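# Chains, contacts and geometry: an overview
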Amino acid sequence: MMARLDSLRARLEKEGVDALLVSAPENRHYLSGFTGSAGSLIITSREAVLATDFRYIEQAGQQAPDFRVVRTATGQGWFPTLLGEMAVRRLGFESQNVTVALHQDLLKALKESNQSDVSLIPTSNLVEELRSVKDPQELATLSRAVDIADRAFRRVAPTIRAGQTEREVAWRLEKAVRELGAEAVSFDTIVAAGPNAALPHHHPSDQPIREGQPIIIDMGALYQGYCSDLSRTLCLGEPDDTFRRVYDIVLGAQLTAIATVQQGMTGSDADGLARTVIEEAGYGESFGHSLGHGVGLAVHEHPGVGPNSTATLEEGMTFTIEPGIYLSGWGGVRIEDVVVLENGRARVLSKAPKRERVGG
Ligand code: ZN
């Protein structure tokens, strides 16, 4: 935790702020260890304060020993008092997390305590960029989350039969994720069969699954705060020609990206590795989402791995590689693994089986 605070402090100086108000829950957890659902951190070059309410005081003291815990009351009165004590003049805040309403409340609280000279300065991705590079302990925890989803998929996939509904299969997957040790699923499980698989974020329905249809499963486990994300596409019975062709193109695109992604590329470069394969096969228009996204304390986090992502991929970053092709009226294929950049290259963490080749 101290190393994380030191890295953040170096960034504060560069941003020209003398403190950062951390309000995003994953960032609060990452920097302090505190997992409660309410609270704010204020971090200066010398001090680290965790302000939270009555419900969390004891938990905060136990989980965040490097922080001074301050109890807040209703309203924002604690805020100017604390800034005054800490002699903060230029306070950075997390612009992706602070709402317009909270911003107004903070300004009002400063005004009411005659501290209108304190400036609130928007910052972007300061902690998110630190979070994107995982230390060995984080990687071990994330690997457990990946492993739980892999094992749940292995347990349930062979039991899927024609006539079962998408919703039933989703529930069995979620149950397996919990039974295998996850505290929760990391997002609502997607089971999308037939034409529903053409919708990348379909919500499981009561529609029965039929033979010969593509079935996209997208699932994840939450383990000690870390999220996994896994997609596989199956077919019961005999796949049609479209399935064979599309599956092989998507798998080829995914394996190409895994084999050739390198440290130092941008997220956009990485996206292009798979996109080129799909475009050359004539399905460019049918791959309408990004190749992937960072994954860790949040299921979607920095770095973006898409056509417009300028983030540089660095050693220790963990992200997904998940190309897909979606054909309206027929369905879709998506295959997704979590990878970590190690020695400049991708190492695949996901171990759930995927067919090496359907056609041929
Ligand atoms: Zn994903």
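Quick note: structure is the one above.
I will try to describe carefully the structure that is included in this document. Model, not experiment: these values are computed from the prediction. (Residues numbered from 1 in each chain as written. Predicted model: local features only at pLDDT ≥ 70, side-chain atom pairs only at ≥ 80, totals over all residues. Heavy atoms only, no water.)

### Quick look at the packing of helix α7 (residues 136-156) against helix α8 (residues 166-179)
This is how the line gets drawn: Every axis in this analysis is a line fitted to C-alpha atoms, fitted for helices over the stretch in contact. Angles between the N-to-C directions lie between 0 and 180 degrees. Secondary structure elements follow DSSP: runs of H or I no shorter than four residues count as helices, runs of E no shorter than two count as strands, and numbering proceeds from the N terminus. Any angle from 65 to 115 degrees is called roughly perpendicular, while one under 35 is roughly parallel, one over 145 is roughly antiparallel, and all others are oblique. By convention, the crossing between two helices is left-handed when the near helix turns anticlockwise from the far helix through less than a right angle, and right-handed when the turn is clockwise. It only takes one pair of heavy atoms within 4.5 Å for two residues to be counted as in contact. The classification used treats Ala, Val, Leu, Ile, Met, Phe, Trp, Tyr, Cys and Pro as nonpolar, Asp, Glu, Lys and Arg as charged, and all other residues, Gly among them, as polar.
Running from N to C, α7 and α8 point in directions that differ by 130°, and their axes come no closer than 9 Å. Taken together, the axes of α7 and α8 lie oblique to each other. By crossing handedness, the relation of α7 to α8 is classed as right-handed. Residue-level contacts link Ile148, Ala152, Phe153, Arg155 and Val156 of α7 to Arg172, Leu173, Ala176, Val177 and Glu179 of α8. Classifying every residue of the contact of α7 with α8 gives 7 nonpolar, no polar and 3 charged.

### Overview of the pairing of strand β5 (residues 90-94)
Just so we agree on the cut-off: Accessibility here uses a 1.4 Å probe with only protein chains present; expressed as a share of the type maximum, an area under 20% marks a residue as buried, one over 50% as exposed, and anything in between as partly exposed. Criterion used throughout: strands pair if DSSP finds at least two bridges between them. Place the viewer so that the strands point away; then a crossover is right-handed whenever the path from the first strand over the helix to the second strand goes clockwise.
In terms of burial, β5 is largely enclosed, as 4 of its 5 residues are buried. In this structure, strand β1 (residues 19-22) lies alongside β5, joined through 3 bridges in parallel fashion. Bridging from a neighbouring strand, Leu20 pairs with Gly92 of β5. Here 5 bridges tie β5 to strand β6 (residues 119-123), and the two strands are oriented parallel to one another. Bridge pairing in β6 places Gly92 opposite Ile121. In this fold, β5 hands off to helix α5 (residues 100-112), which returns the chain to β6; that crossover is right-handed.

### Here's the deal with the packing of helix α9 (residues 241-260) against helix α10 (residues 267-280)
Any two packed helices are characterised by how steeply their axes cross, that is the angle between the axes, and by the distance between the axes. The geometry of α9 relative to α10 is characterised by a closest axis approach of 8 Å and an angle of 150° between their N-to-C directions. In this view, α9 runs roughly antiparallel relative to α10, as classed from their interaxial angle. In terms of crossing hand, the pair formed by α9 and α10 is right-handed. Where α9 approaches α10, its residues Ile249, Gly252, Ala253, Thr256, Ala257 and Thr260 are matched on the opposing element by Leu273, Ala274, Val277 and Ile278. Among the residues forming the contact of α9 with α10, the class breakdown is 7 nonpolar, 3 polar and no charged.

Such coordinate-based values are descriptive only and should not be taken to indicate function.
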